Amino acid sequence: MKVTLFATCLVDMFQGDVGKAVVEVLERLGCDIDFPENQICCGQPAYNSGYVQESKNAMKKMIMAFEHAEYVVSPSGSCAYMFKEYPEVFKDDPVWAPKAQALAAKTYEFTEFIVDVLKIENVGAHLEGKATYHTSCHMTRLLGVQEAPMKLLSHVKGLQYVELPGKDRCCGFGGTFSVKMGNISGQMVSEKVQNVEETGADILIGADAGCLINIGGRIDRQGKPIKVMHIAEVLNCR
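What follows concerns the layout of surface pockets. Approximately 670 Å³ is the volume found for the largest pocket. What lines the largest pocket is a set of 29 residues, among which Gln44, Ser78, Phe173, Gly174 and Gly175 lie closest to the centre. Within the residue set of the lining of the largest pocket, elements represented by two or more residues are helix H1 (9-13), helix H3 (44-48), helix H5 (77-89), helix H8 (137-142), helix H10 (177-180) and helix H12 (209-221).

A few words now on the packing of helix H11 (residues 182-199) against H12. Where H11 contacts H12, the two axes come as close as 9 Å, and the packing angle between them is 75°. The orientation of H11 with respect to H12, classified from their angle, is roughly perpendicular. Listed contacts from H12 to Gly186, Val189, Ser190, Lys192 and Val193 of H11 are Asn214, Ile215, Arg218 and Ile219. Split by residue class, the contact of H11 with H12 holds four nonpolar, three polar and two charged.

Let us look at the sheet that holds strand S8 (residues 227-230). Spatially, the four strands line up as an open sheet ordered S6-S5-S7-S8, and their pairing is parallel. The strands lining the two open edges of the sheet, one partner per strand, are strand S6 (157-161) and S8. Looking at each pair of strands side by side, their axes are set apart by 40° on average, direction ignored. Taken together, the four bridges between strand S5 (residues 126-133) and S6 define a ladder with parallel strand orientation. Residue pairing in the sheet places Lys130 in a bridge with Gln160 of S6.

This part is about the pairing of strand S7 (residues 203-206). Here S7 shows no split at all, with Ile203 and Ile205 on one side and Leu204 and Gly206 on the other all buried. Examined bridge by bridge, S5 and S7 share three bridges and lie parallel to one another. In the strand pairing of S7, Ala131 is matched with Ile203. Of the strand pairs in this sheet, S7 and S8 are connected by four bridges, and their pairing is parallel. Counted as the bridge partner of Ile205 is Met229 from S8. As a crossover connection, the stretch from S7 through H12 into S8 is right-handed.

Rules and cut-offs
- Residues numbered from 1 in each chain as written.
- Predicted model: local features only at pLDDT ≥ 70, side-chain atom pairs only at ≥ 80, totals over all residues.
- Heavy atoms only, no water.
- 1 Å grid on protein atoms, 1.4 Å probe; cavity = no way out; pocket = protein on both sides within 12 Å on 5 of 7 lines; lining within 4 Å.
- Points joined across faces, edges and corners; volume = space filled by probe spheres on them.
- Helix = DSSP H or I, 4+ residues; strand = E, 2+ residues; numbered from the N terminus.
- Axes fitted to C-alpha atoms, helices over the stretch in contact; angles between N-to-C directions.
- Parallel < 35°, antiparallel > 145°, perpendicular 65-115°, else oblique.
- Contact = heavy atoms within 4.5 Å.
- Nonpolar A, V, L, I, M, F, W, Y, C, P; charged D, E, K, R; others polar.
- Pairing = 2+ DSSP bridges.
- Buried < 20%, exposed > 50% of the residue type's maximum accessible area, 1.4 Å probe, protein only.
- Right-handed = clockwise from strand over helix to strand, strands pointing away.

Next comes the structure, spelled out in structure tokens:
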């Protein structure tokens, strides 16, 4: 099975190890991975800020970058969902509407792809520790991926899972929200870190780089002994 990696900006610039883990896990599961070097930002920051027309050029470049792909897989529910928004953005464009629809139809979030497409729930991962999992807003509420991460984590040997209190609450990142509403965002992420502490977990797992950078940054500034890991890194542990 040929898989094209949509790495996302944050993974590309800040969390390269996450992209590496995604590739290594999928290759062990029998996938042939390729990475279009002409991929750029999906346009989500501009689009969510109301600059719809301005974001279209970036979207068109992404559509062309992944036009050849059989499956597009991303380690970010938020960015994967943005591809699902393209058909709505280009619905009145006779040229780009079918291209946008084709991209949306073949795009999957990383855990969703493993569980729903590859039909695999146990990837043979082994990680000792007590962990909790942060459910990112876009991935669960908009993309609708809720069970796949839990199924995969339940098969990680040595991992003790504890549910996160207030798991349905936003961490405060929200892209440009954390910049425009910094004080509110700060309170939200502080509450999230407090909830993580209450679980007694020594590992916080998530599936969106933005959330993990936000929560991890607060954990680091507060000097908390909690390791932050993307679920791809967890599944890559042997």
